[in-house]
Amino acid sequence: FFFFFKPRDPMGEFSRRSNIGPGITAVVLFTDVNLLPVFFYGKFGYQNHSGNYKFYQNSDHSTLTSSLFSADFGAKYFFNPIVDDMFLLMPFAEGGFSYSYLTEFYQFKINSEKPDQLENLSKVGFHIGGGLSFFLMDIIASYNYLYEYQFFSLDLRITIPVAASL
């Protein structure tokens with residue numbers, strides 16, 4: 001189990017209207033001795049992005065807020081350790097499917113005479129990433145694709161190991 005805060009950098013069309021936004025994510029990992037070095041995970045997160053200044057200058061918007069609630073499911077594969085004598089350092093790759101529920105709030109400039117809008121969307125996509133694990137701490141770079149809502153993130157994750165036996 002781990003829990004982390006991270007910045008999320010919009011890409012593509014999403015970056016034309018939104019700034020880097022904060023995110024918070026909780027992750028649950030599962031494996032069995034027979035499945036090692038593969039772990040399966042579920043990530044549950046929230047992120048928020050405000051509109052960027054250039055978007056406001058070139059549109060009738062005075063405010064734009066995008067909120068994403070996400071659920072990601074996938075697998076994480078650990079490669080052989082690079083270092084294993086003084087501490088454990090293992091590269092890994094992960095990937096899977098993503099679902100996000102998005103809420104976008106549009107507020108328009110007073111002189112535009114347009115009513116404010118609240119838009120709710122569901123998006124399905126994927127995510128891929130790679131990084132280094134120090135067993136209780138991971139550093140990972142990942143790309144997340146949701147149509148018109150792609151973003152890149154760089155994370156520092158702290159892991160809290162929890163063992164369960166059946």
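Here is a short report on the structure shown in this document. What you are looking at is a predicted structure, and each value in this text was computed from that prediction instead of being measured. (Residues numbered from 1 in each chain as written. Predicted model: local features only at pLDDT ≥ 70, side-chain atom pairs only at ≥ 80, totals over all residues. Heavy atoms only, no water.)

For the rest of this paragraph, the subject is the overall build of the protein. A count of helical and extended segments in the protein gives two helices and eight strands. When the elements of the protein are put in sequence order from the N terminus, they spell out β-α-β-β-α-β-β-β-β-β. Relative to its 166 residues, the protein shows a buried fraction of 40%. Accessible area for the protein stands at about 9,700 Å²; split by element, carbon and sulfur atoms hold 66% of it. Each charge class in the protein can be summarised by its mean position, and for the 11 positive and 15 negative side chains these summaries are 5 Å apart. (Helix = DSSP H or I, 4+ residues; strand = E, 2+ residues; numbered from the N terminus. Buried < 20%, exposed > 50% of the residue type's maximum accessible area, 1.4 Å probe, protein only. Areas by Shrake-Rupley, 256 points an atom, 1.4 Å probe, with all protein chains shown as cover. Lys, Arg positive; Asp, Glu negative; His and termini not counted. Charge placed at Lys NZ, Arg CZ, Asp CG, Glu CD.)

Take Thr25: it is sitting in strand S2 (residues 21-30). Within the structure, Thr25 has its side chain in polar contact with the side chain of Arg8 (distance 2.5 Å). (Polar contact = N/O pair within 3.5 Å; in protein donor to acceptor, adjacent residues only side chain to side chain.)

Here we come to the environment of Arg16. Along the chain, Arg16 turns up in helix H1 (residues 13-17). Overall, the relative accessible area of 53% leaves Arg16 in the exposed class. Along the primary structure Arg16 and Ser62 are separated by 46 residues, whereas in three dimensions their C-alpha atoms are 15 Å apart. Residue contacts for Arg16: discarding those within four places in its chain leaves Asn52 and Phe55. (Contact = heavy atoms within 4.5 Å.)

Each aromatic ring pair is characterised by the separation of its centres together with the angle its planes make. Overall, the coordinates contain 10 aromatic pairs when judged by the stated rule. Taking the centre distance of 5.3 Å and the plane angle of 75 degrees together, the rings of Phe39 and Phe78 count as edge-to-face. Linking Phe39 in strand S3 (residues 38-50) with Phe78 in strand S4 (residues 61-78), this pair joins segments that are 39 residues apart in sequence. Of the residues examined, Phe78 reaches a relative accessible area of 11% and is grouped as buried. Taken together, a centroid distance of 5.7 Å and an interplanar angle of 75 degrees make the contact between Phe44 and Phe73 edge-to-face. Of this pair, Phe44 sits in strand S3 while Phe73 sits in strand S4, and the two are 29 residues apart along the sequence. Residue classification places Phe73 among the partly exposed residues on the basis of a relative accessible area of 45%. Taken together, the ring pairs in this structure connect Phe39, Phe78 and Phe92 into an aromatic cluster. Note that Arg17 overlies the ring of Tyr149, its terminal NZ or CZ placed 4.9 Å from the centroid. (Phe/Tyr/Trp six-rings, centres within 6.5 Å; stacked < 30°, edge-to-face > 60°. Lys NZ or Arg CZ within 6 Å of the ring centre and 35° of its normal.)

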